[in-house]
Amino acid sequence: QVRVEQSGGGSVQAGDSLRLSCVVSGYTENYVYLAWFRQAPGKEREGVACVGFGRVRQTSPQFSDSVKDRFTISRDNAKNTLYLQMNSLKPEDTSMYFCAAEPRPRYVGTCDLRGDVYSYWGQGTQVTVSS
């Protein structure tokens, strides 16, 4: 079965950095779309960043406007680990962060920041940024 396992998160001060990790395993498809979402209490779920990986092709990563130039999404293929590097954190970044995956048999275009695209989700990890 497909597993999505997250790690990272924590409590930091504004301006600090954090790195979230996500290991997605158990899929047999040749391509996988990977994304990070966040949801704070009383707010809608927001797509933060996404990217697609195949054996050869990668999609250009996409970012929400709120995190552009501060966050980076990447993958260590050897370790099968997705990362979200969060720099210059702001109190507004405080949220529960989720890793999501959508395995596909082939490339179907640029990754998507809509949550309903993704079939598998991690358990979430809390990020708290104080001013």
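Above this note sits the structure.
Residues numbered from 1 in each chain as written. Predicted model: local features only at pLDDT ≥ 70, side-chain atom pairs only at ≥ 80, totals over all residues. Heavy atoms only, no water.

Draft legend 1. Main features of the side chain of Ser21. With respect to the helices, strands and loops of the structure, Ser21 is situated in strand E3 (residues 18-25). Setting aside chain neighbours within four positions, we find Ser21 in contact with Glu5, Gln6, Ser7, Trp36, Thr81, Leu82 and Tyr83. (Helix = DSSP H or I, 4+ residues; strand = E, 2+ residues; numbered from the N terminus. Contact = heavy atoms within 4.5 Å.)

Draft legend 2. Layout of the sheet that holds strand E7 (residues 71-76). Spatially, four strands are ordered E1-E3-E8-E7 in an open sheet, and the strand pairing comes out antiparallel. Looking along the sheet, the strands with just one partner apiece sit at the ends: strand E1 (3-7) and E7. Averaged over neighbouring strand pairs, the angle between their axes works out to 20 degrees when direction is ignored. Pairing of E3 with strand E8 (residues 81-86), which is carried by six bridges, proceeds in the antiparallel orientation. Across the sheet, Arg19 pairs through a bridge with Gln85, a residue of E8. (Pairing = 2+ DSSP bridges. Axes fitted to C-alpha atoms, helices over the stretch in contact; angles between N-to-C directions.)

Draft legend 3. Examining the state of the cysteines more closely. As enumerated under the stated definition, the model contains two disulfides in all. Across a sulfur-sulfur distance of 2.1 Å, Cys50 and Cys111 are joined as a disulfide pair. Linking Cys50 and Cys111, the disulfide has an S-S dihedral of approximately 75 degrees and is accordingly described as right-handed. On the criterion of sequence distance, the pair formed by Cys50 in strand E5 (residues 46-53) and Cys111 in the loop between strand E9 (95-104) and strand E10 (120-121) is long-range, its members being 61 residues apart. Accessibility assignment for this pair places Cys50 and Cys111 in one class, buried. (Disulfide = S-S within 2.5 Å. Buried < 20%, exposed > 50% of the residue type's maximum accessible area, 1.4 Å probe, protein only.)

Draft legend 4. How the structure looks around the pairing of strand E4 (residues 31-39). Most of E4 sits out of view: eight of its nine residues are buried. Alignment of E4 against E9, held across nine bridges, turns out to be antiparallel. From the neighbouring strand, Ala35 faces E9, where its bridge partner is Ala100. One ladder, built from seven bridges, connects E4 with E5; its direction is antiparallel. Opposite Trp36, over in E5, you have Ala49 as the bridge partner.

Draft legend 5. Fine view of the pattern of salt bridges. Enumeration according to the criterion identifies eight salt bridges in this entry. A salt bridge links Arg38 to Glu46; the nearest nitrogen and oxygen atoms lie 2.9 Å apart. Residue Arg38 is classed as buried on the basis of its relative accessible area of 6%. Looking at Glu46, the relative accessible area reads 26%, which means it is partly exposed. (Salt bridge = Lys/Arg side-chain N within 4 Å of Asp/Glu carboxyl O.)

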